[in-house]
Amino acid sequence: MQLSSKHLLGIRQLTAQDIQLILDTASQFKEVLQRPIKKVPSLRDVTIVNLFYENSTRTRISFELAEKRLSADTVNFAVSGSSVSKGESLLDTVNNILSMKVDMVVMRHSATGAPHFLSKHIQASIINAGDGINEHPTQALLDAFSITEKLQSLRGKKIAIVGDIMHSRVALSNIYLLRKMEAEVMVVGPPTLIPKYLQEAFDIRVEYNLLKALQWCDVANVLRIQLERQNQVLFSSLREYNLAYGIKKSVLAQLKKEIVIMHPGPINRGVEIDSDVADSQQSVILQQVENGVAVRMAVLYLLAGQRES
Ligand code: NCD
């Protein structure tokens, strides 16, 4: 079995079969990660550059670990300290790196479409680790993996995505993935943070009342308010946001069932989620991070196989 593309630019470009193949392969790598020796030789002859033009903790470390567990050679590039500050263009930077014989590029960039642009100009496989407010495909894949671990499958499951939908690449990638895998999706948050086009474009539900959304769902995927991407006032204050949309023990106590709480991180305690919820048994936030390594191993492994064919 092979993926339908040599790049991972977004979930938008994947088929349901691609997604299933990545999730199944990730299960096998998760098993490898439980062994005393967590390393396999699969990518021994592959060189990967991690190109991070935007801040990252989890995603960057997770990709680096996934590459190391697969025995790839890796180089890391961070914009601060590079020649980007001397005015070099993205394409020039990447072409210079590729002339050193690099096979795959993992990239995060603040501009929507940056990895798509590069994929048209270079030979190496590109993996999008987040492009602006567009997509973050490996996050959606690890979220899907984590949901499947808890609820066995995605089809027919009810997922509420809570918060700043408008500025979140995690939300968009999750919506693409969950709809392709026939899960039901609801977005919930203040009307100013939910784009109007979503409901029709993706056949999803929109809700402005948090309690109603939580009563409906099996899983709540809670998002950070992306203040760095907002150039106008979209809600009154973080305190009021927390009162209306923050996930609290008191709100969860009103539900008749126990729902799964997810968050891609970084969490802002006391804003979109309260500490006692984030640290509770219901939350799978740290399992998501753990699963991220297995899922990224699967993506790298499958794309490397694609290159040779
Ligand atoms: C997200 C991101 O950078 O898009 N974080 C992540 O990758 N785990 C979400 C966020 O920054 O809120």
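As the structure is a prediction and not an experimental result, all values here were calculated from the model. (Residues numbered from 1 in each chain as written. Predicted model: local features only at pLDDT ≥ 70, side-chain atom pairs only at ≥ 80, totals over all residues. Heavy atoms only, no water.)

## Considerations on the site of the ligand
Basically, it comes down to this: Throughout, the term near means that a residue has one or more heavy atoms lying within 4 Å of the molecule or strand in question. Think of a polar contact as two N or O atoms within 3.5 Å of one another; within protein, one of them needs to be a possible hydrogen donor and the other a possible acceptor, and neighboring residues in sequence only count if both atoms come from side chains. Areas reported here follow the Shrake-Rupley algorithm with a probe of radius 1.4 Å; residue values treat only the protein chains shown as occluding. Cavities and pockets are defined on a 1 Å grid built over the protein atoms alone: a cavity is a set of grid points where a 1.4 Å probe fits but cannot escape, while a pocket is an open set with protein on both sides within 12 Å along at least five of seven lines, and lining residues are those with an atom within 4 Å of any such point. To qualify as sitting in a cavity or pocket, a molecule needs more than half of its atoms within 2 Å of the grid points. Numbering of helices and strands starts at the N terminus; helices are DSSP runs of H or I of at least 4 residues and strands are runs of E of at least 2. In this count, Pro and Cys sit with the nonpolar residues alongside Ala, Val, Leu, Ile, Met, Phe, Trp and Tyr, while Asp, Glu, Lys and Arg are called charged and the others, Gly among them, polar.
Around the ligand, the neighbouring residues are Arg-58, Thr-59, Arg-108, His-136, Gln-139, Arg-169, Val-170, Arg-224, Gln-226, Pro-264, Gly-265 and Pro-266. With respect to the ligand, the side chain of Arg-224 contributes an N or O atom lying 2.7 Å from an oxygen atom. Compared with its free state, where it exposes 320 Å², the ligand has 93% of that area covered by protein. When atom positions are compared with the pocket grids, the ligand is found to occupy the largest pocket. Taken together, the elements giving at least two residues each to the shell around the ligand come down to α2 (58–69) and α6 (169–180). Residue composition of the shell around the ligand, grouped by class: 3 nonpolar, 5 polar and 4 charged.

## Quick notes on the pairing of strand β5 (residues 158–162)
Selection criterion: Under the scheme applied here, a residue whose accessible area is under 20% of the maximum for its type counts as buried, over 50% as exposed, and between as partly exposed, the area being computed with a 1.4 Å probe on protein chains only. For two strands to be treated as a pair, DSSP must find no fewer than two bridges joining them. Classification remark: right-handed applies to a crossover when, strands pointing away from the viewer, the course from the first strand over the helix to the second runs clockwise.
When you tally the buried positions in β5, you get 4 out of 5 residues, the bulk of the element. The pairing of β5 with strand β6 (residues 184–188) spans 5 bridges and is classified as parallel. Looking across to β6, one finds that Lys-158 is bridged to Glu-184. Once the chain exits β5 it traverses α6 before rejoining the sheet at β6, and the crossover so formed is right-handed. Where β5 and strand β8 (residues 219–222) come together, 4 bridges link them in parallel fashion. Bridge pairing links Val-162 to Val-222 in β8.

## Considerations on the packing of helix α1 (residues 16–32) against helix α5 (residues 137–151)
So the rule is basically this: Only C-alpha atoms enter the line fits that serve as axes; for helices the fit covers just the stretch in contact. Angles between N-to-C directions range over 0 to 180 degrees. When an angle is under 35 degrees it counts as roughly parallel; over 145 it counts as roughly antiparallel; between 65 and 115 it counts as roughly perpendicular; any other value is oblique. The sense of a crossing depends on the near helix, which, turned anticlockwise from the far helix by less than a right angle, makes the crossing left-handed and, turned clockwise, makes it right-handed. By the convention used here, residues are in contact when the closest approach between their heavy atoms is within 4.5 Å.
The contact between α1 and α5 brings their axes to 10 Å, and the two run at 70 degrees. One way to sum up the angle between α1 and α5 is to call them roughly perpendicular. The two elements α1 and α5 meet at a crossing, and its hand is right-handed. Counted together, Ile-19, Ile-22, Leu-23, Ala-26, Ser-27 and Lys-30 of α1 and Leu-141, Ala-144, Phe-145 and Glu-149 of α5 form the full contact between these two elements. Grouping the constituent residues of the contact of α1 with α5 by class yields 7 nonpolar, 1 polar and 2 charged.

## Quick word on the environment of Lys-249
For Lys-249, the location among the structural elements is in helix α10 (residues 249–252). When its relative accessible area of 40% is taken as the criterion, Lys-249 is described as partly exposed. When sequence neighbours within four positions are dropped, the list of residues in contact with Lys-249 reads Asp-276, Val-277 and Ser-280. At a separation of 3.4 Å, a polar atom in the side chain of Lys-249 contacts the main-chain carbonyl oxygen of Asp-276.

## Thoughts on the layout of surface pockets
The condition is simple: Grid points are joined across faces, edges and corners, and a volume is the space filled by probe spheres set on the points.
Put simply, the largest pocket is a space of about 410 Å³. In this structure, the largest pocket is lined by 21 residues; those nearest its centre are Arg-108, Arg-169, Arg-224, Gly-265 and Pro-266. Of all elements in the fold, only α2 and α6 reach the threshold of two or more residues within the lining of the largest pocket. Of the residues in the lining of the largest pocket, the class split is 4 nonpolar, 10 polar and 7 charged. The calculated volume of the second largest pocket comes to roughly 240 Å³.

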